[in-house]
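# A look at the structure
Residue-level listing of the chains:
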Amino acid sequence: MKTMAQAVFKNKPLLILCMMMFFNYGINTIVTSSVSYYFTYYMDSMAALGTFNMIGTVTALVVMVFVPKFLDRFDKKWLYLIGSVGMAVQPVYMLFCPATAEGMMGLYIARFIWG
């Protein structure tokens, strides 16, 4: 364990990658818990949670096909930053999203755009 920690802290790209993955998992945990809470207590509709998660999965599967084209056109850092900001925007949007059909549709659209 000690040698692994030394290898990570001596290798700057590996350290940055570890920090990015920690940040990514942190955002994902916050989004998942916020969405679960939102649909359970605010919208009072657990069935909508399944639809919301399905939209994110389908979007991710479709976008994966285009990742090489995005990488040719944009920098990896920008793509990561855009994806991370998009994931962080969803819980913030939920703070202002009304508990109506229109609010839920807006949340679905945000999920489709940001995956």
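Structure report, in brief. (Residues numbered from 1 in each chain as written. Predicted model: local features only at pLDDT ≥ 70, side-chain atom pairs only at ≥ 80, totals over all residues. Heavy atoms only, no water.)

### Concerning the overall build of the chain
The helix and strand tally for the chain stands at 5 helices and 0 strands. Going residue by residue from the N terminus, the α and β elements of the chain occur as α-α-α-α-α. Computed over C-alpha atoms, the radius of gyration of the chain comes to 17 Å, more than 25% over the 13 Å expected from 2.2 N^0.38 for 115 residues, which places it beyond the range of a compact globule. For the chain, the C-alpha atoms occupy an extent of roughly 50 × 35 × 20 Å along the three principal directions. Here the chain holds 115 residues, and the buried ones make up 23% of them. Excluding contacts between residues fewer than 6 apart, the proportion of contacts in the chain whose partners are at least 24 apart in sequence is 65%. About 8,500 Å² of surface is accessible on the chain, with carbon and sulfur atoms providing 74% of the total. Taken as two groups, the 8 positive and 4 negative side-chain charges of the chain have centres that lie 21 Å from each other. (Helix = DSSP H or I, 4+ residues; strand = E, 2+ residues; numbered from the N terminus. Rg over C-alpha atoms; globule rule 2.2 N^0.38 Å. Buried < 20%, exposed > 50% of the residue type's maximum accessible area, 1.4 Å probe, protein only. Contact = heavy atoms within 4.5 Å. Areas by Shrake-Rupley, 256 points an atom, 1.4 Å probe, with all protein chains shown as cover. Lys, Arg positive; Asp, Glu negative; His and termini not counted. Charge placed at Lys NZ, Arg CZ, Asp CG, Glu CD.)

### Quick word on the nonpolar core
Residues V35, Y38, F39, F52, M104, L107 and Y108 are the most contacted members of the largest nonpolar core, which totals 16 residues. Those elements giving two or more residues to this core turn out to be α2 (12-42), α3 (46-73), α4 (76-96) and α5 (101-114). If you tally residues by element for this core, the top one is α2, at 5 residues. Setting aside chain neighbours within four positions, we find M104 in contact with F39, M43, A48, C97 and P98. (Core = buried A, V, L, I, M, F, W, Y, C linked by side-chain atoms within 4.5 Å.)

### Re the packing of helix α1 (residues 2-10) against α2
Axis separation between α1 and α2 bottoms out at 5 Å; the angle between their running directions is 100 degrees. Here α2 runs roughly perpendicular to α1, going by the angle between their axes. Across the interface between the two elements, A7, V8, F9 and K10 from α1 touch K12, L14, L15 and C18 from α2. Of the residues contributing to the contact of α1 with α2, the split by class is 6 nonpolar, no polar and 2 charged. (Axes fitted to C-alpha atoms, helices over the stretch in contact; angles between N-to-C directions. Parallel < 35°, antiparallel > 145°, perpendicular 65-115°, else oblique. Nonpolar A, V, L, I, M, F, W, Y, C, P; charged D, E, K, R; others polar.)

### Quick look at the packing of α2 against α3
Following both chains from N to C, one finds α2 and α3 inclined at 145 degrees, their axes separated by 7 Å at the closest point. Both α2 and α3 take part in a crossing whose hand is right-handed. Listed contacts from α3 to V35, S36, F39 and T40 of α2 are M46, A48, L49 and F52. Partitioning the contact of α2 with α3 into residue classes produces 6 nonpolar, 2 polar and no charged. (Left-handed = near helix turned anticlockwise from the far one by under 90°.)

### Describing the environment of F70
As for its position among the elements, F70 is in helix α3. The residues contacting F70, other than those within four sequence positions of it, are V63 and L79.

### Description of the packing of aromatic side chains
Counted under the stated rule, the structure contains 3 aromatic pairs. Where Y38 meets F39, the ring centres are 5.3 Å apart and the plane angle is 85 degrees; that geometry is what we call edge-to-face. Seen in terms of ring centroids, F39 and F52 are 5.4 Å apart; in terms of plane orientation they differ by 50 degrees. Their pairing is tilted. Of this pair, F39 sits in helix α2 while F52 sits in helix α3; the two residues are 13 residues apart in sequence, bridging distant segments of the chain. For the pair F39 and F52, one class covers both residues: buried. An aromatic cluster is built from Y38, F39 and F52, whose rings are joined through pairwise contacts. (Phe/Tyr/Trp six-rings, centres within 6.5 Å; stacked < 30°, edge-to-face > 60°.)

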